[in-house]
Amino acid sequence: MVDVLAAPQQGKADSALRTLTGISIAHWVSHFHLLVLPMLFPFLKVQLGVGYVELGFALTVSAVVSGLTQAPTGYLVDHFGARKILLGGLTLGGLALIMLGLHLSYASLIACAVLLGVANSVYHPADYAILAEHMDEARMGRAFSVHTFAGYFGGAVAPAIVAALITVSGGVGALLASGAIGVLVVLLLIVMAIPDAGAHKAKPGNADAPKQAVITPALITLTALFMLLSLSVAGINNFGVVALMSGYGATYSVANVALTAFLGASAAGVLAGGFLADHTERHGYVAAACFAANAAIVLLIALVTLPGWALTATMAIAGFLSGVIAPSRDMLVRNAAPPGAAGRAFGIVSTGFNLGGIVSPLLFGWIMDQSAPHWVFGASVIFMVATVVLSPFTERKTQARA
């Protein structure tokens, strides 16, 4: 992080450090909240008396809502400021989990999913708008990588944190504590005085500047890429534990360690990818190469029952490769975004994540209900291969836009 923020002016560097730290903490919370409900699936299945399809439907509802609100949220960020939108999203996500903990029912689960979907639509447009405006241009890839690392790390530690909370306070206590984390981070960001960003801050002299179209072929192609990236890892993230337990004979602890290795190595891969993104312009080809290797590794997991240590090591390698491409992915979007429209650009392409999130819970939940846990990994391989095919086209689209 010191290397990312090195600058001649110490005051500017200190401000950038504070900004990157605060935004990264917010991104940590967003990924942590995304995995709270999936990590509580065994608890919710028993308490609510529903199957995995019903539980997966809640995630689909969240993804649909987030997908519908992602682009409008990007507009709000650009026109009203990223800071207040970000703080509102954090508050809403925390209160959603607290509400579910206080009134545990399937209807409350769906309501919680709706609120979490709205909250999730905030992070990418607001975070990237602030970073794009306040980070050093020469180290933008590494700044993006630190931000993304924080999000991946939030997901990586979610299984362990939720499991510990369940042990200490039960499932309801885990929901309440997870929600309280979001509210506390809001207070922290207010104290840190994170800066604002958005087109509303443009100088008066630029008011009459011609507006460029935001929905371009480059961003449409990148939206499709984001959808495939989401589908490539969603099954492993959300159903990897139950798939390993039911189809491979893994214990709950071994399955959780393997998933934690996957998520933790993804976070490490993001940091490595940040340096790569700052030293190459071939971001689409980086994605294609990493996912081609990843498809082969995940195919091995799908076909072979590995011992615990080998499973953990293989999952870690797969996670690392999936993380390496994240900064390059973000740089593709930033390069394709018109001036003053970073919030809308990231809002549009992040809709691809939500489209993947709409399909993946029902698809992988159906796979589990059909007693075909190996296909949780097999289907992921198919989506990885599709990502390999599309990635070079995103490279060409972005270069043409530039």
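Residues numbered from 1 in each chain as written. Predicted model: local features only at pLDDT ≥ 70, side-chain atom pairs only at ≥ 80, totals over all residues. Heavy atoms only, no water.

Draft legend 1. Main features of the overall build of the protein. From N to C terminus, the protein includes 13 helices and 0 strands. Along the protein, helices (α) and strands (β) appear in the sequence α-α-α-α-α-α-α-α-α-α-α-α-α when read from the amino end. Each of the 402 residues in the protein was classed as buried or not, and the buried ones make up 57%. Here the analysis covers contacts within the protein between residues at least 6 apart in sequence; of these, 85% occur between residues at least 24 apart. As displayed, the protein has an accessible area near 15500 Å², and 71% of this comes from carbon and sulfur atoms. (Helix = DSSP H or I, 4+ residues; strand = E, 2+ residues; numbered from the N terminus. Buried < 20%, exposed > 50% of the residue type's maximum accessible area, 1.4 Å probe, protein only. Contact = heavy atoms within 4.5 Å. Areas by Shrake-Rupley, 256 points an atom, 1.4 Å probe, with all protein chains shown as cover.)

Draft legend 2. Broad picture of empty space enclosed by the protein. Enumeration according to the criterion identifies 2 cavities of 30 Å³ or more in this entry. Taken as a whole, the largest cavity spans an internal volume of roughly 1000 Å³. Lining the largest cavity are 43 residues, and of these His-31, Leu-34, Ser-230, Asn-237 and Phe-353 sit closest to its centre. Looking at the lining of the largest cavity, the elements that each hand over two or more residues are helix H2 (10-39), helix H4 (52-80), helix H6 (106-134), helix H7 (140-192), helix H8 (217-248), helix H9 (252-278), helix H11 (308-336) and helix H12 (342-369). Across the lining of the largest cavity, the residue classes break down as 21 nonpolar, 21 polar and 1 charged. Estimates place the volume of the second largest cavity at around 100 Å³. Contributing to the lining of the second largest cavity are Pro-38, Met-39, Phe-41, Pro-42, Asn-238, Phe-239, Val-241, Val-242, Tyr-252 and Asn-256. Residue assignment for the lining of the second largest cavity shows that the elements contributing at least two residues are H2, helix H3 (41-48), H8 and H9. The dominant element in the lining of the second largest cavity, judged by the number of residues it contributes, is H8, at 4 residues. Partitioning the lining of the second largest cavity into residue classes produces 8 nonpolar, 2 polar and no charged. (1 Å grid on protein atoms, 1.4 Å probe; cavity = no way out; pocket = protein on both sides within 12 Å on 5 of 7 lines; lining within 4 Å. Points joined across faces, edges and corners; volume = space filled by probe spheres on them. Nonpolar A, V, L, I, M, F, W, Y, C, P; charged D, E, K, R; others polar.)

Draft legend 3. Structural detail: the packing of H7 against H11. Closest axis-to-axis distance for the H7/H11 pair is 9 Å, and the angle between their directions is 125 degrees. When the interaxial angle is binned, H7 and H11 end up oblique. Crossing of H7 over H11 shows right-handed handedness. Contacts between H7 and H11 involve Met-140, Gly-141, Phe-144, Ser-145, Thr-148 and Tyr-152 from the former and Ser-322, Gly-323, Ala-326, Pro-327, Arg-329, Asp-330, Met-331 and Arg-334 from the latter. Here the residues of the contact of H7 with H11 are counted per class, giving 6 nonpolar, 5 polar and 3 charged. (Axes fitted to C-alpha atoms, helices over the stretch in contact; angles between N-to-C directions. Parallel < 35°, antiparallel > 145°, perpendicular 65-115°, else oblique. Left-handed = near helix turned anticlockwise from the far one by under 90°.)

Draft legend 4. Highlighting the environment of Pro-159. Of note, Pro-159 is situated in helix H7. For Pro-159, a relative accessible area of 3% corresponds to the buried category. Sequence separation between Pro-159 and Leu-40 is 119 residues; the distance between their C-alpha atoms is 9.2 Å.

Draft legend 5. Here's a closer look at the environment of Ala-372. With respect to the helices, strands and loops of the structure, Ala-372 is situated in the loop between H12 and helix H13 (374-401). Accessibility expressed as a relative area gives 22% for Ala-372, which makes it partly exposed. Each C-alpha atom of the pair Ala-372 and Gly-247 lies 7.4 Å from the other, and the pair is 125 residues apart in sequence.

Draft legend 6. Structural context of a nonpolar patch on the surface. Together, Leu-299, Leu-300, Leu-303 and Val-304 give the surface a local cluster of nonpolar side chains, amounting to about 340 Å² of exposed area. Of note, Val-304 is situated in the loop between helix H10 (283-303) and H11. (Patch = residues over 30% accessible without salt bridge, like charges linked within 9 Å, V, L, I, M, F, W, Y side chains within 5 Å. Salt bridge = Lys/Arg side-chain N within 4 Å of Asp/Glu carboxyl O.)

Draft legend 7. Representation of the packing of aromatic side chains within the structure. Counted by the stated rule, this structure contains 5 aromatic pairs. Pairing Phe-149 with Phe-153 gives two aromatic rings, centres 6.0 Å apart and planes at 15 degrees, and the pair type is stacked. Pair noted here: Phe-149 and Phe-153 are both in helix H7, with a separation of 4 residues, about one helical turn. Exposure remark for Phe-149: the relative accessible area of 26% places this residue in the partly exposed category. Overall, the relative accessible area of 39% leaves Phe-153 in the partly exposed class. Ring geometry for Tyr-248 against Phe-377: centres 5.8 Å apart, planes inclined by 90 degrees, an arrangement best described as edge-to-face. Of this pair, Tyr-248 sits in helix H8 while Phe-377 sits in helix H13, and the two are 129 residues apart along the sequence. Since its relative accessible area comes to 0%, Phe-377 is described here as buried. (Phe/Tyr/Trp six-rings, centres within 6.5 Å; stacked < 30°, edge-to-face > 60°.)

Draft legend 8. Geometry of the side chain of Ser-66. Mapped onto the fold, Ser-66 is located in helix H4. Those residues in contact with Ser-66, other than ones at most four positions away along the chain, are Gly-117, Asn-120, Ser-121 and Asn-354.

Draft legend 9. H11, seen in detail. For H11, spanning 29 residues, the distance from its first C-alpha to its last is 43 Å, which sits close to the expected 42 Å at 1.5 Å a residue. In H11, a bend of some 25 degrees at Ala-326 exceeds every other bend along the element, and Pro-327, a proline, comes one to four places later. (Expected span 1.5 Å × (residues − 1). Bend = angle between axes of the 7 residues up to and from the residue.)

Draft legend 10. Summary view of the confidence of the model for the protein. On average, the protein scores 82 in pLDDT, and the residues at 70 or more come to 87%. For the protein, helix H1 (residues 2-5) is the element with the lowest average pLDDT, namely 54, and helix H5 (residues 82-102) is the one with the highest, namely 92. For residues 202-210, every residue scores under 50 in pLDDT, and the model assigns this stretch 0 contacts once sequence neighbours within four places are set aside. (pLDDT = per-residue confidence, 0-100.)

Draft legend 11. Seen up close, unusual backbone geometry. The phi torsion at Ala-193 lies on the positive side, around 55 degrees, for a residue other than glycine. Position of Ala-193 relative to the elements: it lies in the loop between H7 and H8. Accessibility expressed as a relative area gives 47% for Ala-193, which makes it partly exposed. The residue Ser-371 is not glycine, and still its phi comes out positive at about 60 degrees.

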